[in-house]
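Fold and contact review
This is what each chain is made of:
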Amino acid sequence: MRVLPANMIEQMTSKEKMLEPFKGKLQATRAHVFLGTKCSYHCKFCYGNGKRDAEFFPIEQVKEYIDFLHRYGIDEIEYTGGEPTECSYLPELVEWVRDTYNMRQCIITNGSGENYHDLYLKGVEEFLFSLHGFNKESHNFITGKYDAWEKINKSMKGVESFQSALLRINVTICKYNYLFLKEQAKYIIDNFPTVFQVNYLPMNSWDEATKYEDISVPYDEYATILDKAVKVIRGNPFRRTRIAIRYIPYCKLSEDLHPYIYAHIHHAYDDYDWNQELDGRTIRYTYLDKPYGYYTLPSILNKRKSLYTKFDTCLRCDKFHICDGFQTNQLKREGLI
């Protein structure tokens, strides 16, 4: 197989072709609010491991950023870190956002917080937990905390009891859990039947996570296992749980899973993911007066060119314009390029 030059991919990925599958669909107006990398956990694959002791951004700086998001047209935000619940001013910030802009608020968390109910009362409507293990031993090992499993289970049970709050779960696929994705899915459905969404993400070779690439798993090795896990989630008798599989090539998964795949192009159209153009704090203020959605494309293309690879055989695939392709670092590690 011949690797396609990056400029050819950019040339062929026209705006019209990329947006064709999404015509008529609403565009999400959600962004993430990064509070800083501070976190007391030591997850094996974290892309911020070298910065976990850094202090959170000042609250006024974060408020200024949220002011910008509101002017941009964003009406939903997700707090990320690091671990947001370790941020002392988070309750104050949540209340301010509710009273000032009435934005929908979500927290992405490892489950170690003690104040989820207070945050819910102040305005948080969604809680996205990082559940990486399939039992106590695996989860505690992956997170580097002896009591992580106990804490996240207690926290998720608490959120289930909050009226109208959404419980969402992230699972990062790595060599320490991929063989047990089906068992983990069964645990989720048996213990948290109200779960609104489960996201499956491969261990990404982004930022400092490149130091830990030896724990990533080739797509072929977990494709069948992931298929079985999704079937378990789909069989939830309590509710129809939303499923998202992010950044995995379409050709590596069965067609039955294709409706659940979300690549970078989907960010602007996924109600439960954020706008890539607003990723981090590299905001282009000149875009403020432009139609929302169009300017996500430069970010998508740049991320694809820098992190992913496509082959000439990809040209024959009807998913060419929406599929990210293959993680370049993983292909190099497997000796395929």
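So, here is what we can say about the structure in this document. (Residues numbered from 1 in each chain as written. Predicted model: local features only at pLDDT ≥ 70, side-chain atom pairs only at ≥ 80, totals over all residues. Heavy atoms only, no water.)

Moving on, we come to the overall build of the chain. Broken down by element type, the chain carries 11 helices and 10 strands. A total of 337 residues make up the chain; the buried ones form 56% of that total. Residue pairs in contact within the chain that sit at least 24 positions apart in sequence constitute 73% of those at least 6 positions apart. As displayed, the chain offers around 15300 Å² of accessible surface, 51% of which is attributable to carbon and sulfur atoms. (Helix = DSSP H or I, 4+ residues; strand = E, 2+ residues; numbered from the N terminus. Buried < 20%, exposed > 50% of the residue type's maximum accessible area, 1.4 Å probe, protein only. Contact = heavy atoms within 4.5 Å. Areas by Shrake-Rupley, 256 points an atom, 1.4 Å probe, with all protein chains shown as cover.)

What follows concerns the layout of surface pockets. Taken as a whole, the second largest pocket holds about 360 Å³ of empty space. For the second largest pocket, the lining is made up of 23 residues, of which Pro249, Cys251, Lys252, Phe311 and Phe326 are closest to its centre. Mapped onto the lining of the second largest pocket, the elements with two or more residues apiece are α9 (219-234), β10 (326-327) and α11 (328-333). A class-by-class count of the residues in the lining of the second largest pocket yields 14 nonpolar, 4 polar and 5 charged. (1 Å grid on protein atoms, 1.4 Å probe; cavity = no way out; pocket = protein on both sides within 12 Å on 5 of 7 lines; lining within 4 Å. Points joined across faces, edges and corners; volume = space filled by probe spheres on them. Nonpolar A, V, L, I, M, F, W, Y, C, P; charged D, E, K, R; others polar.)

Moving on, we come to the pairing of strand β7 (residues 242-246). With 5 of 5 residues buried, β7 is to be regarded as a mostly interior element. The side-chain alternation of β7 yields two buried faces, one formed by Arg242, Ala244 and Arg246 and the other by Ile243 and Ile245. One ladder, built from 4 bridges, connects strand β6 (residues 197-202) with β7; its direction is parallel. Within β7, the position partnered with Tyr200 by the bridge is Ile245. Judged from the 2 bridges that link them, β7 and strand β8 (residues 261-262) form a sheet pairing that is parallel. Residue Arg246 lies in a different strand from β8, and its bridge partner there is Tyr262. (Pairing = 2+ DSSP bridges.)

Turning next to the state of the cysteines. What the rule picks out here adds up to 0 disulfides. Just so you know, Cys46 is unpaired, no disulfide at all, and the nearest cysteine sulfur is the one on Cys43, 6.3 Å from it. Judged by its relative accessible area of 28%, Cys46 falls in the partly exposed class. Lacking any disulfide linkage, Cys251 is separated from the closest cysteine sulfur, that of Cys323, by 6.3 Å. (Disulfide = S-S within 2.5 Å.)

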